[in-house]
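# An overview of the molecular structure
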Amino acid sequence: MSLLQLTLRGANRNIRLYAIYLFAMIAGVVIHFTFSSLMYNEDILNVLRNSDMFRQGVTIASIAISLFIILFILYANSFFMRQRKKEIGMYLLLGMSERQVTRMLFYETVILSALSLVSGILLGGLLSKWFGMLLMKLMQYDQSVSLSFEAGAVGTTAAVVAAIILIIWLQNLITVHRVQLVELFHARSIMEKPIRTSAIPALLAIVLLIQAYVLIVLGRESIVWKEYGLFSMTAVSVGIIAGTWLFFRQFTGWILARLCKMPRYHEGNTVLWTSSLRFQARSNALNLAFITLFSSALILLTSFVAINYSVQFSATEKNLPNDIAFETLDGETGSKLDALIRGFEKEHPVLDYRVLHTLKADAVSDREIAFQGEEQFLEGLLLVPWSTFKEFEQLRGHSEPNELSGNETIALSAGIDIPLVHPAGSQPVFEIQVGSAPLTLSIKEQLDYSLLGWRTTIDDSMSSKAAVLVIADDAYASLKPSAEEQTFQIYAIEDAGNAEELSRQVQLLFYSAAPEGYYSSFADVYSKQIESSSLLLFSGAFLAVIALFALASVIYFRQLREATDAMTQFDTLRKLGIRSGQVKAVIRKQLLFVFAPPLVLGLLNSWLIIDSYMLSTLQDYPQLTSIVIGSMAVYFVIYVMLYFSSASVYERIVSRKL
């Protein structure tokens, strides 16, 4: 009998095991091809305004997905090989050489990979059309996506499959070469020893987690983070990672040991489900710690991309509140610019036009006092009267700003993490110079607000922004005679988000006359921001789906292996008179002890980080809390479904129904 015939016969005898492995490989190919095909789909590329950025983003995400899939397949193969060690030992005992066994395993891998590649590409082609339409909807483009099997996507997917074949072959080669024959026959019967536990390391796990949580809740504005940022970050990382590992390595084992000493330990089925967990504690520790940290990272990723996408629309409007704005140039150039803008009356009619009057000033004090991240602001200062600021606030539908008096000022520090209101008596002092006259101002408020948005250029969509101070009307009137005035032309146009061509022509004319001047256009940033945030959301969600699938597979393979190993023990329990209902209760309690702690810790880790470092800095977007809670609720439901599914599979295996 040839090796190929032996391979096919072995596959026929282990059809259930091969089906599980084949399904894992097909799923990996489907995911990779579905995502990669988007990079080559002409329907998508033709409608994008920033196709180069899209290709670059998809390429990076595709590499990450490829690595993820390779690691997932390797995990599935390690499970596959462990289940077949006794079979491999039989082949070696019958006289086959290690080289022949490895070649047989290589044939299996090639056959399974070929089936996976063909099936995955066919299924992935169908899914890519649906995902492409979803991406277009996220980007708010009304574009249909045709079904296609692009050669580039097929080639990259085939390359990933070839890499998987090579890596699996090396993995199998090492496994067959290193493992002794006796170990192969007894691989599935080796029992672990219970871990020795004590109260001290168990308590240390709780202490590490609590100190990490306390530092997270304090927030980055606390003195601890400001003065000892690196130490705090290290303490949080060590606390969560080491604390989680010790929690499952020592604390859970210590809890189980406490249960064993309870007076009524031998009553009911407590002894049955706890004894099994104590023997699995060593191997479960690393596995459950990984699931917990992986879950935390998965929820953080999903929440971050959802938050980023949700705030992008309003954030772009906030950072670039004017559809087109530029500083006033000479009369001839100004007339040309106005005529050019109004020449697009059919596509983008002018809805509003006004002139913003400001006074130029220079900072004497450190500008960081008034403007957080002052290096992002243009040189010099612009002074605006309170009445003008009030007019723009009303125009934009905002509430009336707090009135100013004397030398009070409002610093429009666009991009500040947390808006600040300084009470009378503790207002920061900010010295400026207007013309030749010095002036001392008291900062009443620092707002995350843009009166004049980011300066945009041909090469850089968001290069710098204007530093604007709002002062009292009386102070403005007294400074005006001796100060240099600067005015800005501000246009509101219809469908500003799609006015790239208009902005491009206006921008070229403006910068040809004033290369260092101020010009800002909403359209220059909108398409890039929306496309990039949509791609980030799509890629992040795609990675989250893959990660969740991998997590489910890790849990599934783990329970499948443990259930297979526990078949003999449960057979013995049935012979001793344990009823089927009691067996199910034992299994569900045992799995609940495995599933519940990673779920609770994962949700707690992610929520504390999101609440302290995302939601707290985005207080202007109250809907984000609902988005985060919704993401966590979806994860919770899926995780609970995994629990019941694993319990069902476990019960069927030990009952010999699968």
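This one's a predicted model, so the numbers in the text were calculated from it and none came from an experiment.

Quick notes on the rules
- Residues numbered from 1 in each chain as written.
- Predicted model: local features only at pLDDT ≥ 70, side-chain atom pairs only at ≥ 80, totals over all residues.
- Heavy atoms only, no water.
- Helix = DSSP H or I, 4+ residues; strand = E, 2+ residues; numbered from the N terminus.
- Buried < 20%, exposed > 50% of the residue type's maximum accessible area, 1.4 Å probe, protein only.
- Contact = heavy atoms within 4.5 Å.
- pLDDT = per-residue confidence, 0-100.
- Pairing = 2+ DSSP bridges.
- Core = buried A, V, L, I, M, F, W, Y, C linked by side-chain atoms within 4.5 Å.
- Axes fitted to C-alpha atoms, helices over the stretch in contact; angles between N-to-C directions.
- Parallel < 35°, antiparallel > 145°, perpendicular 65-115°, else oblique.
- Nonpolar A, V, L, I, M, F, W, Y, C, P; charged D, E, K, R; others polar.
- Expected span 1.5 Å × (residues − 1).
- Arc of directions from axis to C-beta.

We now examine the overall build of the chain. Secondary structure assignment for the chain yields 20 helices and twelve strands. When each of the 658 residues of the chain is scored for burial, the buried share is 50%. When contacts within the chain are restricted to residue pairs at least 6 apart in sequence, those whose partners lie at least 24 apart make up 83%.

To continue, consider the confidence of the model for the chain. When pLDDT is averaged along the chain, the result is 78; 79% of the residues meet or exceed 70. Note on residues 187-191: pLDDT is under 50 here. Beyond four places in sequence and across chains, it has seven contacts.

Let us look at the pairing of strand β11 (residues 485-493). With seven of nine residues buried, β11 is to be regarded as a mostly interior element. The sheet contact formed by strand β1 (residues 324-327) and β11 spans four bridges and is antiparallel. Opposite A325, over in β11, you have I490 as the bridge partner.

Among the nonpolar cores identified, the biggest contains 60 residues, and I65, I324, F326, F510, F538 and F542 are the most heavily contacted of them. Examining the composition of this core, we find that twelve residues originate from one element, helix α17 (residues 522-565), more than from any other. Apart from residues lying up to four places away in sequence, F510 is in contact with F326, E327, L329, L337, G517, Y518 and Y519. Listed in part, the 53 residues of the second largest apolar core include L215, F251, L551 and L599.

Taken N-terminus to C-terminus, the directions of helix α13 (residues 331-342) and helix α16 (residues 500-513) make an angle of 175°; their axes are 10 Å apart at the nearest point. The orientation of α13 with respect to α16, classified from their angle, is roughly antiparallel. On α16, the residues touching T333, K336, L337, L340 and I341 of α13 are L502, Q505, V506, L509, F510 and A513. In the contact of α13 with α16, the residues fall into eight nonpolar, two polar and one charged.

To continue, consider the environment of A202. With respect to the helices, strands and loops of the structure, A202 is situated in helix α9 (residues 199-218). Along the backbone, A202 and W254 are 52 residues apart, and their C-alpha atoms lie at a distance of 6.7 Å. Dropping the residues within four chain positions of it, A202 is found in contact with Q250, F251 and W254.

The next subject is the pairing of strand β2 (residues 350-363). Pairing between β2 and β11: nine bridges, direction antiparallel. Residue pairing across strands places V350 opposite I493, the latter belonging to β11. Two strands pair when backbone bridges link them, and β2 and strand β6 (residues 429-434) are joined in this way by two bridges, in the antiparallel orientation. If you follow A363 over to β6, its bridge partner there is I432.

Now for α13. Across its twelve residues, α13 extends 16 Å between first and last C-alpha, which sits within 8% of the 16 Å expected from 1.5 Å per residue. Along α13, the residues that are buried comprise T333, L337, L340 and I341. For α13, the arc enclosing every buried residue in end-on projection is 95°, short of the 170-degree limit, so these residues lie on one face. For α13, the exposed residues lying more than 90 degrees away from the buried face are G331 and E332. Along its buried surface, α13 packs onto β1, β2, β11 and α16.

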